[in-house]
Amino acid sequence: MGHKKAQKAYKWFRYVLLVPALLFALAPVYWMLTISLKSEVDQFATPPPWFVFTPTLDHYYDAFVTRGFGEYLLNSAIVSVSSTICALVIGTLAAYALTRFELPWRLNRHLSLWILSTRMFPAIVTAVPLFLMMRDLRLLNTRASLIIVYTAFNLPFVVWMMRGFFADLPRDLEEAALVDGDSRLGALVRVVLPLVAPGLAATAVFCLIISWNEFLFALVLTQTDAAMTLPVGIAGRVTQYEIKWGVMSAAASVALVPILVFALALQKYLVRGLSLGAVKG
Amino acid sequence: MGIEFRNVSKHFGGASVVDDLSLEIRDGEFVVLLGPSGCGKTTTLRMLAGLETVSSGDIFIEGERVNDVPTQHRDLAMVFQSYALYPHMTIVENIGYPLRVRKFDKAQRVERVNRVAAMLEIESLLERKPRQLSGGERQRVALARAIVREPRAYLMDEPLSNLDARLRVQMRGELKRLQHQLGTTTIYVTHDQAEAMTLASRVAVMRKGRLQQFDTPMNIYNCPANRFVAEFVGSPSMNFIEGEQVTIGIRPEHIQVFSEPRDGAIAASVYVTELMGNETFVFLSVGTNRLIARAPADFRAEVESKVWLQFAEDKMHYFDPKSGESLTQRHKL
């Protein structure tokens, strides 16, 4: 009996350890959600009404009907999804080449490190050159500019993650596919990719989150509603005269949803993808 | 026609893995590449499959030079040591894969898959995934995938080495029977001399990337070209007695052991005996030499007891002590 009790106590102890971490991580989210549902009077009341207040959807109406947040949401969605797809296609092919073909002069290794090194300097360094390039290409204030920049930004990440997944996959399988009469590309599509699908899913989630949340380049490269994404749109509510906390919180709360849904949908793959290769099957 | 290696070499970096290999394999032959690990036999097979490039020399399949032909256009089928079944596909999909990528229509695919499944008695497994199968079953599926179309040759890379001993002997028999039925050229890589002896119409013994001997199993056994072949083929191994001018080799079954002295017999002492059930291996000391002899199952001798040996002189082999080359002139079969 004593043993069982100890086990139960241990189980509770685990939650005790988790609570501070959860509080720390989720408190701002809770704060944001409540602000988005509070009237302005409640927002600034002291002490703040933590749990009991009269909820209102006014800010949501304001954000998505009166103001153009719906458009920002659409921009964000198009830019994130497109750049994620581009980065996955290009990066996966590159990673496959790096793991499966032997390049001269030890280029496999050099190229991999070179690709990684593009993520080593602070992003702001490239902001001005990118702004000038996009201006000359007449791509300022277009979704295309953000898709291009995010694809470039996510590529090293995709290449490195996928490289690991490919390296863990036995070569026999592709070789069998080749001997069976399939082309390289056919073997990649029919045999290799289905087997690294969990890795691909995990990588996709990360790319999407990074693109969805990106602020710096979106701020530099878009100034009009035509291509402005949610993070920039939200920040834009901090004006010289007032800060629209309710609208900002409402928009930010909505911005949470797609990523949350996507991550939950791929949760199974996400965990498998991140631990793939850790345990040899 | 068949398959020909002409002066084929393969280097990895500075290391030579296959060195000037020339081999002519006739149509319909079952050729076994035999040798210890690292002898270049698997690399040879992979070069033929197009999975490794050829450093120098030429490979021909049915008269066509295939050095620069990509794997998928060489029209071969291969069974891998790991079986390499596609884990995300069912057994039907696995076996049907070579047909699918070659654009066979559905009806033809179903018909052929069912035919080979029946041949290999795996009809009941068709809807399963590879991970639900035992080693022996996976082996059969790998074979089925290879024979489902009619390739120019089958390549097999140690296909039985992951099976337990009993299953291995059973599959060995089935493989031989299958090849007899199909009559397709087969090239089979193994380090197991028993597999080579039982399966091959001809055996190519390799060592350190070089071909040592290419002949029928009987000739490999009875007329080994050099000391390496003599030692590698046969179990227990051939005995060697080192001399200044010549090394004498004699197989364990060509030494007769007697408990009583007799004319022309050499005295020896018993080191240990191993009863195998159907026969007894007698380990002997003659001076500084250690010999193994094959004796009947009812042979009994105490450790350290004295015995007398008679060698079948017409079965003795003579090797050059320096080069290891055979000096024996014997009529080949």
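Residues numbered from 1 in each chain as written. Chains lettered and ligands numbered in written order. Predicted model: local features only at pLDDT ≥ 70, side-chain atom pairs only at ≥ 80, totals over all residues. Heavy atoms only, no water.

1. A look at the confidence of the model for chain A
All names here are of chain A. Confidence in the prediction of chain A, expressed as mean pLDDT, is 88, and 96% of residues score 70 or more. Summarising per-element confidence for chain A, the mean pLDDT is lowest in helix α14 (residues 267-275) (71) and highest in helix α4 (residues 69-100) (95). For the stretch residues 277-281, pLDDT sits under 50, and the model shows two contacts to residues farther than four places along the chain or on other chains. (pLDDT = per-residue confidence, 0-100. Helix = DSSP H or I, 4+ residues; strand = E, 2+ residues; numbered from the N terminus. Contact = heavy atoms within 4.5 Å.)

2. Remarks on the pairing of strand β7 (residues 153-157) of chain B
Residues and elements named next belong to chain B. Buried residues dominate β7, accounting for five of its five residues. A two-sided burial pattern is seen for β7, the buried positions comprising Ala 153, Leu 155 and Asp 157 on one face and Tyr 154 and Met 156 on the other. In the sheet, strand β6 (residues 76-79) pairs with β7 via four bridges, with the strands oriented parallel. The partner of Leu 76 across the bridge, within β7, is Ala 153. Strand direction decides the pairing type here: β7 and strand β8 (residues 186-190), joined by four bridges, are parallel. Residue pairing across strands places Tyr 154 opposite Thr 186, the latter belonging to β8. A crossover connection joins β7 to the parallel β8 through helix α5 (residues 165-182); in handedness this β-α-β unit is right-handed. (Buried < 20%, exposed > 50% of the residue type's maximum accessible area, 1.4 Å probe, protein only. Pairing = 2+ DSSP bridges. Right-handed = clockwise from strand over helix to strand, strands pointing away.)

3. Description of the sheet that holds strand β10 (residues 210-215) of chain B
All names here are of chain B. As summarised here, the arrangement of the six strands in space is β6-β7-β8-β3-β9-β10, forming an open sheet in which the pairing is mixed. In this open sheet, the two strands that pair with only one neighbour each are β6 and β10. Each strand of the sheet is rotated relative to its neighbour by a mean of 15 degrees, with strand direction disregarded. (Axes fitted to C-alpha atoms, helices over the stretch in contact; angles between N-to-C directions.)

4. Topic: the interface of chain A and chain B
In this assembly, 18 residues from chain A lie in contact with 22 residues from chain B. Where chain A abuts chain B, roughly 1600 Å² becomes buried across the two surfaces, and 61% of that area is made up of carbon and sulfur atoms. Our count for the chain A to chain B interface comes out at two salt bridges. The tally of links from chain A across to chain B stands at 10 residue pairs in polar contact (both at pLDDT 80 or more). Secondary-structure elements contributing two or more residues to the side of chain A that touches chain B are α8 (171-179) and α9 (184-195) of chain A. The residue makeup of the side of chain A that touches chain B, split by class, is nine nonpolar, three polar and six charged. (Buried area = accessible area lost by both parts, 1.4 Å probe. Salt bridge = Lys/Arg side-chain N within 4 Å of Asp/Glu carboxyl O. Polar contact = N/O pair within 3.5 Å; in protein donor to acceptor, adjacent residues only side chain to side chain. Nonpolar A, V, L, I, M, F, W, Y, C, P; charged D, E, K, R; others polar.)

5. Quick notes on the side chain of Asn 67 of chain B
Residues and elements named next belong to chain B. Along the polypeptide, Asn 67 turns up in the loop between β5 (64-65) and β6. From its side chain, Asn 67 meets the backbone oxygen of Gly 57 in a polar contact 2.8 Å long. Of note is the side chain of Asn 67, whose polar atom sits 2.8 Å from the backbone nitrogen of Ile 59. Sequence-distant contacts of Asn 67, that is, excluding residues within four places in its chain, are made with Val 54, Gly 57, Asp 58, Ile 59 and Arg 74.

6. Details of the confidence of the model for chain B
Averaged over all residues, the pLDDT of chain B equals 93, while 98% of them reach at least 70. Interface predicted TM-score (ipTM) for the complex: 0.87; the corresponding pTM is 0.83.

7. Focus: the packing of aromatic side chains
All names here are of chain A. The final tally for this structure, using the stated rule, is 12 aromatic pairs over all chains. When the ring of Phe 69 is compared with that of Tyr 72, the centres are 5.2 Å apart and the planes differ by 80 degrees; the resulting orientation is edge-to-face. In this pair, Phe 69 and Tyr 72 are both assigned in helix α4, three residues apart and thus about one turn of the helix distant. A relative accessible area of 4% places Tyr 72 in the buried class. Members of the aromatic cluster, each reached through a chain of ring pairs, are Phe 64, Phe 69 and Tyr 72. Above the ring of Phe 153, the side-chain terminus of Arg 119 is found at 4.3 Å from the ring centroid. Against the face of Trp 160 rests Arg 163, its NZ or CZ located 4.3 Å from the ring centre. (Phe/Tyr/Trp six-rings, centres within 6.5 Å; stacked < 30°, edge-to-face > 60°. Lys NZ or Arg CZ within 6 Å of the ring centre and 35° of its normal.)

8. Brief notes about the pattern of salt bridges
Residues and elements named next belong to chain B. Summed over all chains, the structure comprises 24 salt bridges over all chains. Here Glu 158 ties to Lys 41 by a salt bridge, and the two come within 3.8 Å at their closest N and O atoms. Residue Glu 158 is found in the loop between β7 and α5, and its partner Lys 41 is found in helix α1 (residues 41-49); the two are separated by 117 residues along the sequence. A single burial state applies to Glu 158 and to Lys 41, both of which are buried. The shortest N-O distance in the salt bridge between Arg 152 and Glu 64 comes to 3.3 Å. You can see Arg 152 sitting in the loop between α4 (135-147) and β7 and its partner Glu 64 sitting in strand β5, a full 88 residues away along the chain. Overall, Glu 64 belongs to the partly exposed group, its relative accessible area being 34%.

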